[in-house]
Amino acid sequence: MKTLVFLADGFEEVEALTVVDYLRRAGIEVDTVSITNDNKVKGSHKITVIADKKIEELNDVSLYDAVIIPGGMPGSERLRDNHFVIDIVKKMNEAGKLVAAICAGPIVLAKAGVIKGKQVTSYPGFENELKDGIYVEKPVVRDKNIITSRGPALAVDFAIEIIKYLAGEEKAQKLKKDILYQYLKKDR
């Protein structure tokens, strides 16, 4: 399994890095991909990350099993407005591969036209930008090959749902055990 996580200046660090960390723990290969001019990408809380690749280095997206879009502002808008990102999201969806987004990230999926008639969620306030989808207020929503989630506090659940999709329930359960997931307060 191989995934790509897009990063733009202003991305939400918790949403991106939790997913990258937990997928790698589950044995899923992850490439972080910068859409900036170099590999350095600054998050919305001024944490600089060095991405594995720049977007122009993606030669063959068919090698990937999933594309993941973190939220954060203005990172999500920058991803939404990047025609290469939109093209890749479309191609991944057309190939039936996983397309996942969290927080404000689903606006990228909406622009790519991949949520039509599918259940989706997002950070509160982005509902109007997701009108082609069927908006639900749930922590994590999976509809066929589309996974969406609401925000930073749900990054763990979002990552676990992606692992379930890509590697199966057993891998997801092992990760939950390894990270002491059972101790999370379950009032959501």
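Here is a short report on the structure shown in this document. (Residues numbered from 1 in each chain as written. Predicted model: local features only at pLDDT ≥ 70, side-chain atom pairs only at ≥ 80, totals over all residues. Heavy atoms only, no water.)

## Focus on the overall build of the protein
Phase 1: When its secondary structure is counted, the protein shows 6 helices and 11 strands.
Phase 2: In terms of overall dimensions, the protein is globule-like: its C-alpha atoms have a radius of gyration of 15 Å, near the 16 Å expected for 188 residues.
Phase 3: Considering only C-alpha atoms, the protein reaches an extent of 40 × 35 × 35 Å along its principal axes.
Phase 4: Taking all 188 residues of the protein together, 54% fall into the buried category.
Phase 5: Long-range contacts, defined as pairs at least 24 residues apart, comprise 64% of the intrachain contacts of the protein with a sequence gap of at least 6.
Phase 6: A total accessible area of about 9000 Å² is found for the protein, and carbon and sulfur atoms account for 48% of it. (Helix = DSSP H or I, 4+ residues; strand = E, 2+ residues; numbered from the N terminus. Rg over C-alpha atoms; globule rule 2.2 N^0.38 Å. Buried < 20%, exposed > 50% of the residue type's maximum accessible area, 1.4 Å probe, protein only. Contact = heavy atoms within 4.5 Å. Areas by Shrake-Rupley, 256 points an atom, 1.4 Å probe, with all protein chains shown as cover.)

## Here we look at the packing of helix α1 (residues 13-25) against helix α5 (residues 155-167)
Phase 1: For the pair α1 and α5, interaxial distance at closest approach is 9 Å and the crossing angle is 40 degrees. If you check the angle between α1 and α5, you find them oblique. In this structure, α1 crosses over α5, and the sense of that crossing is right-handed. Across the interface between the two elements, Val14, Glu15, Thr18, Val19, Tyr22 and Leu23 from α1 touch Ala155, Val156, Phe158, Ala159, Ile162 and Ile163 from α5. (Axes fitted to C-alpha atoms, helices over the stretch in contact; angles between N-to-C directions. Parallel < 35°, antiparallel > 145°, perpendicular 65-115°, else oblique. Left-handed = near helix turned anticlockwise from the far one by under 90°.)

## A look at the pattern of salt bridges
Phase 1: Under the criterion given, the structure shown has 11 salt bridges.
Phase 2: A salt bridge links Asp52 to Arg24, with the shortest nitrogen-to-oxygen separation between them at 3.0 Å. Residue Asp52 is located in the loop between β4 (48-50) and β5 (53-54), and its partner Arg24 is located in helix α1; the two are separated by 28 residues in the primary sequence.
Phase 3: Given the relative accessible area of 42%, Arg24 is considered partly exposed.
Phase 4: Measuring nitrogen to oxygen at the nearest pair gives 2.7 Å for the salt bridge that ties Asp178 to Lys174. A residue pair is termed a helical-turn pair when its members lie 3 or 4 positions apart in one helix, as Asp178 and Lys174 do in helix α6 (residues 169-178) at 4 residues.
Phase 5: Accessibility expressed as a relative area gives 47% for Asp178, which makes it partly exposed.
Phase 6: Several salt bridges converge on common partners, so that one network encompasses Lys2, Glu29, Asp31 and Lys53. (Salt bridge = Lys/Arg side-chain N within 4 Å of Asp/Glu carboxyl O.)

## Some words on the packing of aromatic side chains
Phase 1: In the structure shown here, the tally under the stated rule is 0 aromatic pairs.
Phase 2: Looking at Lys2, its charged tip hangs above the ring of Tyr64, at a distance of 5.1 Å from the centre. (Phe/Tyr/Trp six-rings, centres within 6.5 Å; stacked < 30°, edge-to-face > 60°. Lys NZ or Arg CZ within 6 Å of the ring centre and 35° of its normal.)

## Details of the pairing of strand β7 (residues 98-102)
Successive side chains on a regular strand alternate, one facing one side of the sheet and the next facing the other.
Phase 1: In terms of residue burial, β7 counts as a mostly covered element, since 5 of its 5 residues are buried.
Phase 2: Judged by which residues are buried, β7 turns out to be covered on both faces: Leu98, Ala100 and Ile102 on one side and Val99 and Ala101 on the other are all buried.
Phase 3: Where strand β6 (residues 66-69) lies against β7, 4 bridges are found, and the strand directions are parallel. Residue Ile68 lies in a different strand from β7, and its bridge partner there is Ala100.
Phase 4: Sheet analysis places β7 next to strand β11 (residues 146-149), joined by 4 bridges and oriented parallel. Looking at β11, one finds that Val99 is bridged to Ile146. (Pairing = 2+ DSSP bridges.)

## A short note on helix α3 (residues 83-94)
Phase 1: Taking 1.5 Å of rise per residue, 12 residues should cover 16 Å, and α3 covers 16 Å from first to last C-alpha, within 8% of that figure.
Phase 2: Within α3, burial applies to Val85, Ile86, Ile88, Val89 and Met92. Here the buried residues of α3 occupy an arc of 165 degrees about the axis, which is enough to place them on one side. Exposed residues lying more than 90 degrees from the buried face of α3 are His83 and Glu94.
Phase 3: In this fold, the buried residues of α3 make contact with β1 (2-7), β6, α2 (75-80), β7 and α4 (106-112).
Phase 4: Its side-chain oxygen at 2.9 Å from the backbone nitrogen of Phe84, Asn82 defines the N-terminal cap of α3.
Phase 5: Following α3 by one or two positions, Gly96 adopts a phi angle in the positive range, close to 75 degrees. (Expected span 1.5 Å × (residues − 1). Arc of directions from axis to C-beta. Polar contact = N/O pair within 3.5 Å; in protein donor to acceptor, adjacent residues only side chain to side chain.)

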